[in-house]
Amino acid sequence: DQQVKQNSPSLSVQEGRISILNCDYTNSMFDYFLWYKKYPAEGPTFLISISSIKDKNEDGRFTVFLNKSAKHLSLHIVPSQPGDSAVYFCAASGGDSWGKLQFGAGTQVVVTP
Amino acid sequence: GAVVSQHPSWVICKSGTSVKIECRSLDFQATTMFWYRQFPKQSLMLMATSNEGSKATYEQGVEKDKFLINHASLTLSTLTVTSAHPEDSSFYICSARDGTSGETQYFGPGTRLLVL
């Protein structure tokens with residue numbers, strides 16, 4: 001059963017605009033959330049994380065928002081750059097999955113000139 | 001910081017042979033390492049979790065006798081695919097956690113395995 005869901009398989013955004021990636025989860029015991037970026041034939045690169053005690057975390061162009069009541073988190077990338085074109089994975093841990101990461105299916109982002 | 005390497009980056013082997021993949025944490029001590037596999041256009045699937053000096057914990061459906069994991073030191077874990085078959089062809093990725101960054105895992109670059 002998929003506990004972390006990324007319902008948008010792809011996203012196209014113009015360079016300079018905002019990219020918004022969404023992620024939903026079903027396990028209310030999750031208390032730590034991460035976003036990874038992945039290029040083809042490479043391992044995922046850690047981008048940003050957020051603990052359940054916060055609702056926002058910002059690092060440069062990347063901001064993650066957490067809405068615990070809705071079991072929803074999002075990643076904002078502003079401004080989007082061509083090098084941001086990649087697959088983005090949302091991951092979560094906590095509860096029964098303490099110590100492990102449950103990954104979403106990923107969202108392919110394409111940044112167009 | 002938090003660099004994880006994998007070797008080899010790709011390997012082609014004949015059916016029935018065994019393949020060993022190494023995962024190293026280069027600038028930190030990894031108390032826990034993880035092995036994942038990824039099929040094309042799919043998410044990462046956790047295969048097993050290994051803690052230094054103890055037996056690996058395998059996820060449901062992963063054959064521990066086929067995928068041998070050794071975590072002999074705080075900087076090295078190995079995954080051996082024994083008697084590889086074409087259906088084992090996949091992208092294998094390791095990750096490591098240093099115990100000081102919460103649940104954040106740092107991933108290696110992956111190893112592409114093709115079994116002929």
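Residues numbered from 1 in each chain as written. Chains lettered and ligands numbered in written order. Predicted model: local features only at pLDDT ≥ 70, side-chain atom pairs only at ≥ 80, totals over all residues. Heavy atoms only, no water.

As for the interface of chain B and chain A
Counted only if it meets this: Only heavy atoms matter for contacts: two residues are in contact if any of them lie within 4.5 Å across the pair. Once two parts are brought into contact, the accessible area they lose, counted with a 1.4 Å probe and summed over both, makes up the buried area. Salt bridge, as used here: a side-chain nitrogen of Lys or Arg that lies within 4 Å of a carboxyl oxygen of Asp or Glu. As used in this structure description, the phrase polar contact means that two N or O atoms lie within 3.5 Å; if the pair is within protein, one of them must be able to donate a hydrogen and the other to accept it, and residues adjacent in sequence are counted only when both atoms belong to side chains. Counting from the N terminus, the helices are the DSSP runs of H or I reaching at least four residues and the strands are the DSSP runs of E reaching at least two.
Contacts between chain B and chain A engage 22 residues on the former and 19 residues on the latter. Carbon and sulfur atoms make up 58% of the surface buried where chain B meets chain A, a total of about 1500 Å² over both sides. Connecting chain B to chain A are one salt bridge. For Glu-59 of chain B, the salt bridge is made with Lys-100 of chain A, and the minimal N-O distance between the two is 2.8 Å. Across the chain B-chain A interface, the total number found is six residue pairs in polar contact (both at pLDDT 80 or more). Contributions of two or more residues to the side of chain B that touches chain A are made by strand S4 (32-38), strand S5 (44-51), strand S9 (90-97) and strand S10 (106-107) of chain B.

Structural notes on unusual backbone geometry
Condition: Relative accessibility thresholds used throughout: buried, under 20% of the residue-type maximum; exposed, over 50%; partly exposed, between the two (1.4 Å probe, protein chains only).
In this model, Val-78 of chain A is joined to Pro-79 of chain A through a cis peptide bond whose omega is -10 degrees. Residue Pro-8 of chain B is bonded to the preceding His-7 of chain B through a cis peptide linkage, with omega at 0 degrees. The topology assignment puts Pro-8 of chain B in the loop between strand S1 (4-7) and strand S2 (10-13). The phi dihedral of Ala-41 of chain A falls on the positive side, at around 60 degrees, and the residue is not glycine. Among the secondary structure elements, Ala-41 of chain A is positioned in the loop between strand S4 (32-38) and strand S5 (45-51). Of note, Ser-83 of chain B is a non-glycine position whose phi angle comes to about 45 degrees, a positive value. Within the secondary structure, Ser-83 of chain B sits in the loop between strand S8 (76-81) and S9. You can call Ser-83 of chain B partly exposed: its relative accessible area is 34%.

Overview of the sheet that holds strand S3 (residues 19-25) of chain A
Residues and elements named next belong to chain A. Counted only if it meets this: Strands are treated as partners if at least two bridges between them are detected by DSSP.
Across the sheet, five strands lie side by side as S1-S3-S8-S7-S6; this open sheet has antiparallel pairing. The two strands at the open ends of the sheet, each matched to only one other strand, are strand S1 (4-5) and strand S6 (56-59). The sheet contact formed by S1 and S3 spans two bridges and is antiparallel. Along S3, the bridge assignment pairs Lys-5 with Asp-24.

Observations regarding the state of the cysteines
All names here are of chain A. Condition: Cysteine sulfur atoms are paired as a disulfide whenever they fall within 2.5 Å.
Under the definition given, this model contains two disulfides over all chains. Across the disulfide, Cys-23 is cross-linked to Cys-90 (sulfur-sulfur distance 2.0 Å). Given an S-S torsion of about -70 degrees, the disulfide between Cys-23 and Cys-90 has left-handed geometry. Residue Cys-23 is found in strand S3, and its partner Cys-90 is found in strand S9 (residues 86-93); the two are separated by 67 residues along the sequence. The exposure class assigned to Cys-23 is buried, which follows from its relative accessible area of 1%.

Overview of the pairing of S8 of chain B
Residue and element names in this part refer to chain B. Counting buried positions along S8 yields six of six residues, so the element is predominantly enclosed. Burial of the side chains of S8 extends over both faces: Leu-76, Thr-78 and Thr-80 are buried on one face and Ser-77, Leu-79 and Val-81 on the other. By the bridge criterion, six bridges tie strand S3 (residues 19-25) to S8 in an arrangement that is antiparallel. Its bridge partner being in S8, Glu-22 is matched across the sheet by Thr-78. Summarising the sheet, strand S7 (residues 67-73) and S8 pair through five bridges and their orientation is antiparallel.

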